[in-house]
Amino acid sequence: MKVVLLGAPGSGKGTQAGFISEKLNIPHISTGDIFRENMKKKTPLGLKVKSLMDSGNLCPDDLTVELIKERLNHDDCKNGYLLDGFPRNLHQAKALDGFCPPDKVLNLDVDFERIERRITGRRSCYECGGTYHVDFITDPNKCPLCGGELFTRKDDTSETVKTRLKVYQTQTEPLIGYYSEQNKLVTVDGNAEISDVERNVLEALGI
Ligand code: AMP
């Protein structure tokens, strides 16, 4: 199955993606993760997108579309894909429809107030890449899984979160209507407990 995960930053896409990709045996492809990996390794791509990412703005469409087009050619996509963070605007959605359109689009709907709290309390691990909320770990500086050092992503600060939510509203939200017209959209309330969200996601995707 080819699935697109839609939702504002901090709506829980990454969390849901893990279990959906396992359940459907499809790769979880996150454009944000790919860009961050490139930034970490200081590749030409990473250096090119750094300031845009740090400020909460979108990376150029042509570059992002090419990245995904190339990634979807890999062998592990033969059963489908789970795209997280792509497409981010109508231009990207139309491009995807041109080379590998999704079967279903899962929209995770979460209140903006909750999102701001979730993102600004988020910490990531340098070592294993895990993400946690400070409210649910004992030491805000230490990864509960591997003991690595935790940090706040540059684009998880409250100022940048405002920009990211505005970018989401103006550029990404119109995709809800776009995919709804194609009868591909299923929406799940992402405000609930993770286990309830998971159950509703399974039901919505019919798996
Ligand atoms: P995310 O982890 O999905 O919130 O993405 C983090 C950042 O990566 C975004 O704020 C953008 O700067 C960049 N990014 C991720 N996906 C895309 C995309 N599809 N198009 C453009 N920029 C993207």
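Here the structure is a predicted model, which is why all the values come from computation and not from measurement.

J.: I tried to follow the packing of helix 2 (residues 31-40) against helix 4 (residues 61-71) on my own but got confused; where do I start?
T.: When two helices pack together, their arrangement is given by the angle between their axes and by how far apart the axes lie. Packing of helix 2 against helix 4 leaves a shortest axis separation of 11 Å and a crossing angle of 100°. With respect to their mutual orientation, helix 2 and helix 4 come out roughly perpendicular. Contacts from T31, I34 and F35 in helix 2 reach L63, T64, L67 and I68 in helix 4. Of the residues contributing to the contact of helix 2 with helix 4, the split by class is 5 nonpolar, 2 polar and no charged.

J.: Is there a simple way to explain the site of the ligand in this structure?
T.: Taken together, 16 residues surround the ligand, and among them T31, N57, C59, G85 and Q92 come closest. Measuring from an oxygen atom of the ligand, one finds a backbone N or O atom of N57 at 2.6 Å. C59 has a polar backbone atom sitting 3.0 Å from a nitrogen atom of the ligand. Burial of the ligand by the protein chains amounts to 96% of its free accessible area of 480 Å².

J.: Can you help me understand the sheet that holds strand 7 (residues 150-151) in this one?
T.: In sheet architecture, strand pairing relies on hydrogen bonds along the backbone and comes in two forms, parallel and antiparallel. Taken together, the 3 strands give an open sheet; going across it, the order is 6-5-7, and neighbouring strands pair in antiparallel fashion. Since the sheet does not close on itself, it has two edges, and those belong to strand 6 (131-133) and strand 7, each with one partner. As judged from the 2 bridges shared by strand 5 (residues 122-125) and strand 7, these two strands associate in the antiparallel manner. Bridge pairing in strand 7 places S124 opposite F151.

J.: Is there a simple way to think about the pattern of salt bridges in this case?
T.: Once their charged atoms are close, side chains differing in charge can pair, the charge on each being opposite to the other. Following the criterion strictly, the structure yields 10 salt bridges and no others. Linking D156 and R122 is a salt bridge whose minimum nitrogen-to-oxygen distance equals 3.1 Å. Placement of D156 in the loop between strand 7 and helix 7 (158-172) and of R122 in strand 5 is noted, with a sequence separation of 34 residues between them. Residues participating in the shared-partner salt-bridge network are R122, R153, D155, D156 and R164.

J.: Would you mind going over the packing of aromatic side chains with me for this structure?
T.: For any two aromatic rings, the description comes down to two numbers: the centre-to-centre distance and the angle of the planes. Inspection of the entire model under this criterion finds 3 aromatic pairs. A centroid spacing of 4.3 Å and a plane angle of 20° characterise the contact between Y126 and F151, whose relative ring orientation is stacked. On the criterion of sequence distance, the pair formed by Y126 in the loop between strand 5 and strand 6 and F151 in strand 7 is long-range, its members being 25 residues apart. Residue classification places Y126 among the partly exposed positions, given a relative accessible area of 45%. Taking 5.1 Å as the distance between ring centres and 75° as the angle between the ring planes, the aromatic pair formed by Y178 and Y179 counts as edge-to-face. In this pair, the class of Y178 matches that of Y179, namely buried.

J.: Looking at this model, I keep getting lost on unusual backbone geometry. Mind explaining?
T.: For residues that are not glycine, phi is negative in most cases, and the peptide bond is trans in most cases. Looking along the chain, the bond that leaves F86 and enters P87 is cis, with omega of -5°. Structurally, the position occupied by P87 is in the loop between strand 3 (81-84) and helix 5 (90-99). The backbone of K42 sits at a positive phi, close to 55°, despite the residue not being glycine. Its place among the elements puts K42 in the loop between helix 2 and helix 3 (44-55). Of note in this structure, N183 is not a glycine but carries a positive phi near 60°. Checked against the element boundaries, N183 lands in the loop between helix 8 (174-181) and strand 8 (185-189).

Reading the values: rules and limits
- Residues numbered from 1 in each chain as written.
- Predicted model: local features only at pLDDT ≥ 70, side-chain atom pairs only at ≥ 80, totals over all residues.
- Heavy atoms only, no water.
- Axes fitted to C-alpha atoms, helices over the stretch in contact; angles between N-to-C directions.
- Helix = DSSP H or I, 4+ residues; strand = E, 2+ residues; numbered from the N terminus.
- Parallel < 35°, antiparallel > 145°, perpendicular 65-115°, else oblique.
- Contact = heavy atoms within 4.5 Å.
- Nonpolar A, V, L, I, M, F, W, Y, C, P; charged D, E, K, R; others polar.
- Near = heavy atom within 4 Å.
- Polar contact = N/O pair within 3.5 Å; in protein donor to acceptor, adjacent residues only side chain to side chain.
- Areas by Shrake-Rupley, 256 points an atom, 1.4 Å probe, with all protein chains shown as cover.
- Pairing = 2+ DSSP bridges.
- Salt bridge = Lys/Arg side-chain N within 4 Å of Asp/Glu carboxyl O.
- Phe/Tyr/Trp six-rings, centres within 6.5 Å; stacked < 30°, edge-to-face > 60°.
- Buried < 20%, exposed > 50% of the residue type's maximum accessible area, 1.4 Å probe, protein only.

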